[in-house]
Amino acid sequence: QVQLVESGGGLVQPGESLRLSCAASGNFFRITRMNWYRQLPGKKRELVAASGNDGTTNYPYSVLGRFTISGDYAKNTVSLQMNSLKPEDTAVYFCNVQARASPATTVVDNYWGQGTQVTVSS
């Protein structure tokens with residue numbers, strides 16, 4: 001099992017920056033991927049930043065060049081630096097982690113944080 005604790009959400013004005021953080025703890029062998037998603041009321045959860053323990057990162061076009069994910073796989077933490085925020089970035093942001101329970105399995109389990117609200121408004 002993996003427990004995720006998020007922090008860093010809040011209210012900012014358009015053009016400002018915000019940094020989200022997520023720390024993973026619990027009983028697991030290895031985290032293989034750490035991602036950030038966001039969700040608007042009534043909408044599907046969408047991926048905004050992805051990282052792998054091989055150093056790869058991916059972003060959708062909507063945040064490319066503005067958001068940066070930083071995964072520390074030694075400390076089991078992940079952050080999301082969000083710059084040049086826009087009102088359309090307003091959403092609840094979720095930390096997502098995929099982890100192997102033991103060295104005996106390659107199956108990864110999916111875990112979610114509780115979500116943190118980000119509001120971009122003047």
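Provided above is the structure to which this section pertains.
All figures in this text were calculated on a predicted structure; none of them were measured in a lab.

Glancing now at the sheet that holds strand β3 (residues 18–26). On the basis of which strands lie adjacent, the open sheet formed by four strands has the order β1-β3-β8-β7 and antiparallel pairing. The sheet is open, and its two edges are formed by β1 (2–7) and β7 (67–72), each paired on a single side. For this sheet, the mean inter-axis angle between neighbouring strands, taken without regard to orientation, is 15 degrees. With six bridges connecting them, β7 and strand β8 (residues 77–82) associate as antiparallel partners. Across the sheet, Ser70 pairs through a bridge with Ser79, a residue of β8.

Residues Trp36, Leu80, Met82 and Tyr93 are the most contacted members of the largest nonpolar core, which totals 28 residues. Elements with a contribution of two residues or more to this core: β1, β3, β4 (30–39), β5 (46–52), β7, β8, β9 (91–100) and β11 (116–120). The leading source of residues in this core is β9, at five residues. Filtering out sequence-adjacent residues up to four positions away, Tyr93 remains in contact with Glu6, Leu20, Tyr37, Arg38, Val48, Phe67, Leu80, Met82, Gly115, Thr116 and Val118.

Here we come to the packing of aromatic side chains. Going through the model one piece at a time under the given rule, you end up with two aromatic pairs. On the basis of an interplanar angle of 65 degrees and a centroid distance of 4.9 Å, the ring pair of Tyr37 and Trp112 is categorised as edge-to-face. With Tyr37 in strand β4 and Trp112 in strand β10 (residues 108–112), this pair connects stretches of sequence that are 75 residues apart. Accessibility expressed as a relative area gives 35% for Trp112, which makes it partly exposed. Centre to centre, the rings of Phe94 and Trp112 are 6.5 Å apart; their planes meet at 85 degrees, and the pair counts as edge-to-face. Residue Phe94 is found in strand β9, and its partner Trp112 is found in strand β10; the two are separated by 18 residues along the sequence. By relative accessible area, Phe94 is classed as buried at 10%. By way of ring pairs, the aromatic residues Tyr37, Phe94 and Trp112 are connected into one cluster. We note Arg45 situated over the ring of Phe94; from NZ or CZ to the ring centre the distance is 3.7 Å.

Cut-offs used in this document
- Residues numbered from 1 in each chain as written.
- Predicted model: local features only at pLDDT ≥ 70, side-chain atom pairs only at ≥ 80, totals over all residues.
- Heavy atoms only, no water.
- Pairing = 2+ DSSP bridges.
- Helix = DSSP H or I, 4+ residues; strand = E, 2+ residues; numbered from the N terminus.
- Axes fitted to C-alpha atoms, helices over the stretch in contact; angles between N-to-C directions.
- Core = buried A, V, L, I, M, F, W, Y, C linked by side-chain atoms within 4.5 Å.
- Buried < 20%, exposed > 50% of the residue type's maximum accessible area, 1.4 Å probe, protein only.
- Contact = heavy atoms within 4.5 Å.
- Phe/Tyr/Trp six-rings, centres within 6.5 Å; stacked < 30°, edge-to-face > 60°.
- Lys NZ or Arg CZ within 6 Å of the ring centre and 35° of its normal.

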